[in-house]
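Residue-level structure breakdown
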Amino acid sequence: PTTVYTADGKTFDAEVADPVSRKPMKPEITSVLDVATRKCVGYAVSRKENVIAVTEALRRSCGTHGICAIFYTDRGGGYKNKTFDADVGGLMGRLGITKMHALPYNSQAKGIIERFNHVWNDLAKRMPTYLGRDMDKEAKKKVHQETRGEIREFGVARRLPSWGDFIAAVEKTIADYNDKPHDGLPRFEDPATGRLRHMSPNEAWEMHVSGGFEPVRIDRAEMDDLFRPYEIRTAHRGLVEWNTNEFFHLALEGYHGEKVVVGYDLH
């Protein structure tokens, strides 16, 4: 485990309420898998696949499961940028990770993560706002008109999943996947049934831990500086605003009216 992490972003095929505007949007889910165990070790949800989303997904992965030796991705802008690759201060150099890219148009090279992305298709199909190709056109049109009409009239739509509900569904989907037997993993005798079956990603990870595996951890004090995305805000009487919320700290009172850099964690 942690020898190779692979990552990919996928546009979710259902609409949810934007966390800021509350309007319908199709979020991007960036997933990170550990290749040895097939375990989903981290994720991020954003408006689009970009360096902030990828950084957040890698942050969660390294923070919860350990620093990987190799980070294997495609060649999208979210993965090839100064945040990752800069000679001084680049994330890969600071963490000691080697980044490798799949060849263009070669999805088979990323088959593990491409296959995993089907769990997001299954989740989208369970949403009332599903917009996939196989969705009935009349039903799609009806829901589209209903959500837009209710938002114009009431500011919210009954059938449009909230951001909080969507995040909860994403986390449950990952937990269920990690607990489910995976045919890409070794077979073993199930102690409960006595029958042979494939290990789940969680069981494969625990097998390595029982064999003495220990991940390389990030010092908790360093993790914020390494990964946290930042926005510039103006402090006002000890308060800063971000994402429609206000945050107060006594240390900000000395910076009234000045611009400050605010780091945040979407989770």
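Since this is a predicted model, take the numbers as computed values, not measurements.

As a further point, take empty space enclosed by the protein. Remark: the empty space left among the atoms is shown by a probe the size of a water molecule rolled over them. A full pass over the atoms with the stated rule returns one cavity of 30 Å³ or more. For the largest cavity, the full set of lining residues is E15, T129, Y130, L131, K140, V143, H144 and R148. Classifying every residue of the lining of the largest cavity by side-chain character gives three nonpolar, two polar and three charged.

Turning next to the packing of aromatic side chains. What the rule picks out here adds up to five aromatic pairs. Here the aromatic rings of F116 and W120 are separated by 5.8 Å at their centres, their planes lie at 90 degrees, and the arrangement is edge-to-face. The residues F116 and W120 share a single accessibility class, namely buried. Site record: aromatic cluster; members linked through ring pairs are F12, W163 and F166.

Moving on, we come to the sheet that holds strand β4 (residues 28–34). Spatially, β5-β4-β1-β6-β7 is the arrangement adopted by the five strands of the open sheet, whose pairing is mixed. Of all strands in the sheet, those bounded by a partner on one side alone are β5 (40–46) and β7 (98–101). Across this sheet, the average inter-strand angle for adjacent strands is 20 degrees, counted without regard to direction. Both strand β1 (residues 4–11) and strand β6 (residues 70–73) contribute to a ladder of three bridges, which runs parallel.

Counting 24 residues, the largest nonpolar core has F12, F116, W120, F166 and V170 as its most contacted members. Those elements that place two or more of their residues in this core are β4, β5, α4 (111–116), α5 (118–125) and α7 (163–179). Residues in contact with F116, not counting those within four places in the same chain, are S31, L33, C40 and Y177. In terms of nonpolar packing, the next biggest core, distinct from the first, is built from 21 residues, L58, F71, W205 and M223 among them.

One non-glycine residue, T2, lies in the positive phi region at around 70 degrees. Mapped onto the elements, T2 comes out in the segment before β1. Despite not being glycine, R38 shows a phi value in the positive range, around 65 degrees. As for its position among the elements, R38 is in the loop between β4 and β5. Residue R38 is classed as buried on the basis of its relative accessible area of 18%.

Turning our attention to the confidence of the model for the chain. Should pLDDT be low for a region, the predicted coordinates there are not to be read in detail. Residues with a pLDDT of 70 or more make up 87% of the chain, whose mean pLDDT is 85. Per-element mean pLDDT across the chain ranges from 63 in helix α2 (residues 82–85) up to 97 in helix α8 (residues 201–210).

Parameters and conventions
- Residues numbered from 1 in each chain as written.
- Predicted model: local features only at pLDDT ≥ 70, side-chain atom pairs only at ≥ 80, totals over all residues.
- Heavy atoms only, no water.
- 1 Å grid on protein atoms, 1.4 Å probe; cavity = no way out; pocket = protein on both sides within 12 Å on 5 of 7 lines; lining within 4 Å.
- Points joined across faces, edges and corners; volume = space filled by probe spheres on them.
- Nonpolar A, V, L, I, M, F, W, Y, C, P; charged D, E, K, R; others polar.
- Phe/Tyr/Trp six-rings, centres within 6.5 Å; stacked < 30°, edge-to-face > 60°.
- Buried < 20%, exposed > 50% of the residue type's maximum accessible area, 1.4 Å probe, protein only.
- Pairing = 2+ DSSP bridges.
- Helix = DSSP H or I, 4+ residues; strand = E, 2+ residues; numbered from the N terminus.
- Axes fitted to C-alpha atoms, helices over the stretch in contact; angles between N-to-C directions.
- Core = buried A, V, L, I, M, F, W, Y, C linked by side-chain atoms within 4.5 Å.
- Contact = heavy atoms within 4.5 Å.
- pLDDT = per-residue confidence, 0-100.

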